[in-house]
Amino acid sequence: MYELEEKWYLYLLFVIPAMTLLFLYIQFWKRKKQREFGDLDLLKKLSPEKSVFKPILKLIVILLALTGLIIGLVNPKIGTKIETVKREGIDIVFAIDVSKSMLAEDVAPSRLEKSKQLVSQIINNLGSDRIGIIAYSGSAFPVLPITTDYSVAKMFLQGMNPGIISAQGTSIDQAINLATTFIDKKDKTNKLLIIITDGEDHSNEAVAAAEEAKKLGLKIITVGVGTEKGGPIPLKRNGVVESFKRDQNDEVVITKRDSEALKNIAKATGGGYVDGNSTKAVLDYVKNALDNIQKTEFESTQMADFKSQFQWFLGFGFFLLLLDIFLLEKKTKWVKKMNLFNEKE
């Protein structure tokens, strides 16, 4: 088994045929100019030690050296060990509010950025649980299906912003309903939905959606970010605040965290609410919740322990480059005696 770590470096291999064509063109051009300005037989007599084969050999050595260096950059890996890995854990779905109210900066750096930081920290503390990510505002959107690839989850997490969903508003029930579709009824793994939001809900159907989710075995933890005092929603261009969002009466909109609504949603599924303004409080609460949820064996896969082999190719490439330094374009005496390449006159 093998894998290539940095495959895009393979595009550099196009340099090999390009250099070959350039070499052939230069040789053709030199021969043409020699015919124009001199006699080929006379040139051979004037430079009897010049080898016809050596330039070709030097080209081959350089091309092989470049090939070795490029493959070294690709870093091929060979699987040296195969073992069966059993995972135990639960399925965790993160539902992150990306409505415009999450741009409020009553929590530094903003409610949305704070939410992404919280999810990232929770992921860092997970063991072998599977995770999924949902973004929601006026509607819900599946950002990442259930997976064990935490690095990919963090990559998608950083790209979340209000612009990924066109429907404006905040409908927590949409997020809950979408989270239930992540559940496979045949899969007995325990499920947990963690909603990170400021609690604003324009649908008022979140509690009903939570009660339906409970019937499917989904427990909900709500994490409230923002303050009860609230803050305005900045409108920025190139990172600079130009103004604040205003209502129909041209008054600045003040968005506030609704902790009570979030408590009611969590209570409907036997879950709990935690203040998201404190990272430590969230991490401790989630850790305690996970410790009290029974883990299930949900995956048995074969993993290969891949080891990098780049050093061999880099060593081969540098050796050939060093060898090229000592390959002069003069005829080699012992080769000349053997006349392997018809280099005798």
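Before reading further, recall that the structure is shown in the block above.
Keep in mind it's a predicted model, so treat the numbers as computed, not measured. (Residues numbered from 1 in each chain as written. Predicted model: local features only at pLDDT ≥ 70, side-chain atom pairs only at ≥ 80, totals over all residues. Heavy atoms only, no water.)

Within the protein chain, the secondary structure is distributed over eleven helices and 13 strands. Here the protein chain holds 345 residues, and the buried ones make up 38% of them. (Helix = DSSP H or I, 4+ residues; strand = E, 2+ residues; numbered from the N terminus. Buried < 20%, exposed > 50% of the residue type's maximum accessible area, 1.4 Å probe, protein only.)

Ordered in space as β5-β4-β3-β6-β7-β12, the six strands form an open sheet in which the pairing is mixed. A strand with exactly one partner marks an edge of an open sheet, and here the two such strands are β5 (140–147) and β12 (272–275). Ignoring which end each strand starts from, the neighbouring axes of this sheet average 15 degrees apart. As judged from the six bridges shared by strand β3 (residues 91–97) and strand β6 (residues 191–197), these two strands associate in the parallel manner. Looking across to β6, one finds that Val93 is bridged to Leu193. Along the sheet, helix α8 (residues 259–267) makes contact with β6, β7 (218–224) and β12, crossing β7 at roughly 165 degrees. (Pairing = 2+ DSSP bridges. Axes fitted to C-alpha atoms, helices over the stretch in contact; angles between N-to-C directions. Contact = heavy atoms within 4.5 Å.)

A separate point is the packing of helix α3 (residues 53–74) against helix α10 (residues 310–326). Where α3 meets α10, the closest approach of the two axes is 7 Å, and the angle between their N-to-C directions is 155 degrees. For the element pair α3 / α10, the angle class is roughly antiparallel. For the element pair α3 and α10, the recorded crossing hand is left-handed. Residue-level inspection shows Lys58, Val61, Ile62, Leu64, Ala65, Gly68, Leu69, Ile71 and Gly72 of α3 in contact with α10, the latter providing Phe310, Phe313, Leu314, Phe316, Gly317, Phe318, Leu320, Leu321 and Asp324. Taken together, the residues of the contact of α3 with α10 break down into 13 nonpolar, three polar and two charged. (Parallel < 35°, antiparallel > 145°, perpendicular 65-115°, else oblique. Left-handed = near helix turned anticlockwise from the far one by under 90°. Nonpolar A, V, L, I, M, F, W, Y, C, P; charged D, E, K, R; others polar.)

Of all hydrophobic cores here, the largest spans 35 residues; its most connected members are Phe94, Ile96 and Ile194. For this core, the elements supplying multiple residues, two or more each, are β3, α4 (111–124), β4 (130–136), β5, α5 (150–158), β6, β7 and α9 (279–291). In contact with Ile194, other than residues within four places in its own chain, are Ile92, Val93, Phe94, Ala95, Ile221, Val223 and Val286. In this structure, Ile172, Leu262, Ile265 and Tyr273 belong to the second largest nonpolar core, which totals 23 residues. (Core = buried A, V, L, I, M, F, W, Y, C linked by side-chain atoms within 4.5 Å.)

Turning our eyes to something else, we now look at the pairing of strand β9 (residues 234–237). Alignment of β9 against strand β10 (residues 240–244), held across four bridges, turns out to be antiparallel. Each bridged residue has a counterpart across the sheet, and for Lys236 the counterpart in β10 is Val241. Turn length for the β9-β10 hairpin, with the two strands adjacent in sequence and antiparallel, is two residues, and the turn residue Asn238 shows positive phi of about 55 degrees.

This paragraph deals with the packing of aromatic side chains. Under the definition given, this model contains one aromatic pair. Judged by centre distance (4.1 Å) and plane angle (25 degrees), the rings of Trp8 and Tyr9 are stacked. (Phe/Tyr/Trp six-rings, centres within 6.5 Å; stacked < 30°, edge-to-face > 60°.)

Let us now look at α5. Among all positions in α5, only Tyr150, Ala153 and Leu157 are buried. For α5, the angular spread of the buried residues around the axis is 55 degrees, confining them to a single face. Set apart from the buried face of α5 by more than 90 degrees, the exposed residues are Ser151 and Met155. (Arc of directions from axis to C-beta.)

Here Asp91 lies in strand β3. Asp91 gets classed as buried once you look at its relative accessible area, which sits at 3%. Side chain to side chain, Asp91 and Arg130 meet in a polar contact 2.7 Å long. Every residue in contact with Asp91, bar those within four places of it in the chain, is listed here: Arg130, Ile146, Asp187, Thr189, Asn190, Lys191 and Leu192. (Polar contact = N/O pair within 3.5 Å; in protein donor to acceptor, adjacent residues only side chain to side chain.)

Attention shifts here to the environment of Ala153. By the secondary structure assignment, Ala153 is in helix α5. The exposure class of Ala153 is buried, given its relative accessible area of 0%. Spatially, the C-alpha atom of Ala153 lies 7.6 Å from that of Ile133, the residues being 20 residues apart in sequence. Not counting the four nearest positions on each side in its chain, Ala153 is found in contact with Ile123, Ile131, Ile133 and Leu144.

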